[in-house]
Amino acid sequence: MSNESLLTALPDELDALFGQYTAADNARGLVYGLVGPDGLVHSRGFGVADDAGHPPDADTVFPIASMTKSFVACGALLARDRGLVNLDAPITDFFDEFSAGGTFDDPCDPPTLRMLLSMSGGLTEDNSWVDPFIDTPVDDLLATVSRGLYYSTLPGTVFEYSNLGYTLAGLAVGRAVGRRIEDWVSEELLAPLGMSRSWFDNQAPADPGLLATGYSLDESGQWQGFPPARSDAYAAAGGIQSTVRDLATWVSWLASSFRPPTGTGPDPVGRASRRELQRLHQLTLPSVVTRADGAVKVSIGGYGLGLLVTEDLHRGTVISHSGGLPGFILNMIWHPGSGHGIVVLTNSHRGNPVALSEEALFRVLDRHRAPARTIRLWPATRDLQGLAESLIRRWDDELAARIFAENIAFDRPLDQRRTEIDRMIGEVGPLLEPNPAPDATPDLLSAATPADVTWAIPGQRGELVCMIHLTPAAPPQIQEFEVTASPYATPRSARPTDISVRRRGAGPASLSSLPNSQIEWPAPADANGG
């Protein structure tokens, strides 16, 4: 029996995965998009978007509910960058009617805008409560706030999802910039990014084109449509409408901030602020979940600013956010290191397209063999690796004095290090001659930062595993220097790939995404020393 197989084209595989959702009657309609580093790569719709039976496609408008929050948080960072708002200011600087209590530290300091944007404002989770009130006028909401709120935790200490908190943060940013938050986000983010079919539901055009209807099953099992929602005070918590095509633009733009700049495309918010949006700000409780298929998922992460940040034990950082309104469940999820992502929009709240989109993303990452991260070594790391290998092969006291920082001899005398290296060479050697090519890359085993690298020097009976870590001060020197012998009798899979004493917790028995790092070896120095 042959093991040979031909892979199904990735779009076809994903079409089959998502097509089962409407085939199983989990929703009347679904449309998804495969996102790549440059935007939308492929999209397919299934079922129907509305009572007229129109099929959904990449330009069908859906309410995106809480996926709105990343747009509002990005707008807040833009206002901060322009000097219009201080995100560490308390909410009482914007709404003096804000009053809350219920903690053991009452009266405690009120939450800051940053706390509210990172879901750590101390207010209790309110997803069940807020849906009927999204059209509440601003004055009515502030009147409710003025009557007093209850904290469930001390502000700034614990993740707890609060739509009310996000609403207040959005209103505060609007006051700071002198425009409604809807206008600020639309004019400063959506328009520059070319997201022409994205808007707040209270600013929707008279003819929006194909607009999805949300559905729920009635008692007889028949799909019944919900009337379209129109937000007011709660616009910042979930008021945007958008499409797969526009959301692919949003995903690829945010993800691009984690890779070298290309110098093309709009850039309304700087790369550092976009990374800040996608950085962990508040930890959630770690968990281990057993899925229906028996697989085990380890969940480690938390909330950024309007986005969930998860650390996968193999693929590294994954960013996502879902949204839900009566008749809709929606999700966007992406891997910033590679730029691959998935957007899925459905017009019912019956199934779980969030889990489906996550499965789709990991199929994409597996197909592309996406590393957890790419570590771009310093040229100095390249140079000092070569000098360190020369020292290991033929010890020279003057070279050692030149490349080692003072702590190396302080940690362990140099003559002791030399004796240990000679003993290890005797164990695995003699060492094979290095590749004489000027552009040769060593046998790289791992790297955790641009300032360190672990590599192997082959011998006749085994290999030396060597590691250096450079100092932060210029000119860099070696502050950590480790060498160990690994005989060939030990299988490659059992040999060490990271021997830093600083990372003993990430040893052979640990699980982390560090082994799935891609290392970029700097090009050889040119005639000018570049």
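Residue numbers here run from 1 along each chain, matching the order of that chain's written sequence. Reporting in this predicted model follows two pLDDT cut-offs: at least 70 for local features of residues, and 80 or more for side-chain atom pairs to be given and counted; totals over whole chains, interfaces and linings ignore these cut-offs and use all residues. To obtain the side-chain values, all non-hydrogen atoms of the structure were used and water was disregarded.

Peer 1: Where do I start with the overall build of the chain in this structure?
Peer 2: Only DSSP runs of H or I reaching four residues or more are called helices, and only runs of E reaching two or more are called strands; each is numbered from the N terminus. When its secondary structure is counted, the chain shows 15 helices and 23 strands. Along the three orthogonal principal directions, the C-alpha set of the chain runs to about 80 × 70 × 45 Å. Whether a residue is buried, partly exposed or exposed follows from its accessible area with a 1.4 Å probe, protein chains only, as a fraction of its type maximum: under 20%, in between, or over 50%, in that order. Split into buried and exposed, the 530 residues of the chain put 49% on the buried side. Counting rule for charge: Lys and Arg are taken as positive, Asp and Glu as negative, and neither His nor the chain ends is counted. In this description, the location of a charge corresponds to atom NZ of lysine, CZ of arginine, CG of aspartate or CD of glutamate. Considering the chain, the positive charge centre built from 41 side chains and the negative charge centre built from 64 side chains are found 6 Å apart.

Peer 1: Explanation requested: the pairing of strand β21 (residues 462–470) in the structure shown.
Peer 2: Along any regular strand the residues' side chains alternate between the sheet's two faces. Counting buried positions over the nine residues of β21 gives nine, a clear majority of the element. Summarising the sheet, strand β20 (residues 452–458) and β21 pair through seven bridges and their orientation is antiparallel. Across the sheet, the residue bridging to P458 is E463, located in β21. Two strands pair if DSSP finds at least two bridges between them. Counting the residues that bridge the hairpin from β20 to β21 gives three residues.

Peer 1: What exactly am I supposed to notice about the sheet that holds β21 here?
Peer 2: Within a beta sheet, neighbouring strands are joined by backbone hydrogen bonds and run either parallel or antiparallel to one another. Pairing is antiparallel in the open sheet, where four strands are placed in the order β19-β20-β21-β22. Each of the sheet's edge strands pairs with one partner strand only, and the pair in question is β19 (443–446) and β22 (478–487). The average undirected angle you get between the axes of adjacent strands in this sheet is 25 degrees. Bridge analysis of β19 against β20 gives three bridges, and the strand direction is antiparallel. Within β20, the residue paired with S446 across the bridge is T454. Contacts are assigned to residue pairs with any non-hydrogen atoms lying within 4.5 Å of each other. Interaxial angle, 0 to 180 degrees, is taken between N-to-C directions of lines fitted to C-alpha atoms, where a helix line uses only the stretch in contact. Helix-sheet contacts for helix α12 (residues 379–393) involve β20, β21 and β22, and the interaxial angle to β20 is about 35 degrees. Across the sheet, helix α15 (residues 414–428) is in contact with β21 and β22; its angle to β22 comes to roughly 25 degrees.

Peer 1: It is not clear to me how the sheet that holds strand β6 (residues 199–200) should be interpreted in this structure. Could you clarify?
Peer 2: If you trace the three strands from one edge of the open sheet to the other, you get β3-β9-β6, paired in antiparallel fashion. Edge positions in the open sheet fall to β3 (62–63) and β6, since each of these has one partner strand only. Note that β3 and strand β9 (residues 240–242) share two bridges and pair antiparallel. For P63, the partnering residue across the bridge sits in β9 and is Q241.

Peer 1: Just to check I follow, could you spell out the side chain of E160 for this structure?
Peer 2: Among the secondary structure elements, E160 is positioned in the loop between β5 (149–150) and α6 (163–177). One side-chain nitrogen of Lys or Arg within 4 Å of one carboxyl oxygen of Asp or Glu is enough to make a salt bridge. Despite its burial, E160 remains without a salt bridge, the nearest opposite charge being carried by K69 at 14 Å. Whenever a nitrogen or oxygen atom comes within 3.5 Å of another N or O atom, the pair is scored as a polar contact, on the condition that within protein one atom can donate a hydrogen and the other can accept it, and that pairs from neighbouring residues in sequence are kept only if both atoms are in side chains. A polar side-chain atom of E160 sits 2.5 Å from a polar atom in the side chain of S152. Apart from residues lying up to four places away in sequence, E160 is in contact with M119, L123, T124, E125, S152 and T153.

Peer 1: Would you mind going over the environment of G459 with me for this structure?
Peer 2: Examined against the element boundaries, G459 turns out to sit in the loop between β20 and β21. Judged by its relative accessible area of 4%, G459 falls in the buried class. Sequence separation between G459 and R412 is 47 residues; the distance between their C-alpha atoms is 25 Å. Other than its neighbours up to four places away in sequence, G459 contacts V428, P430, L431, L432 and Y488.

Peer 1: It is not clear to me how a nonpolar patch on the surface should be interpreted in this structure. Could you clarify?
Peer 2: Put simply, a patch holds well-exposed residues, over 30% relative accessible area, that have no salt bridge, with like charges counted together within 9 Å and Val, Leu, Ile, Met, Phe, Trp or Tyr side chains within 5 Å. All accessible-area figures derive from a Shrake-Rupley calculation using a 1.4 Å probe, and residue coverage is judged against the displayed protein chains alone. Together, V288, V296, V298 and I300 make up a nonpolar patch on the protein surface, roughly 320 Å² of accessible area in all. You can see V288 is positioned in strand β11 (residues 287–290).

Peer 1: Whenever I open this one, the packing of helix α2 (residues 68–81) against helix α7 (residues 181–190) confuses me. Can you help?
Peer 2: Packed helices, taken two at a time, are described by their axes: the angle between them and the distance between them. Following both chains from N to C, one finds α2 and α7 inclined at 80 degrees, their axes separated by 10 Å at the closest point. The orientation of α2 with respect to α7, classified from their angle, is roughly perpendicular. Only I181, W184, V185, E188, L189 and L190 of α7 make contact with α2, whose side of the interface consists of F71, V72, C74, G75, L78 and A79. Oblique is the label for any angle not under 35 degrees, not over 145, and not in the 65 to 115 range, which are roughly parallel, roughly antiparallel and roughly perpendicular in turn.

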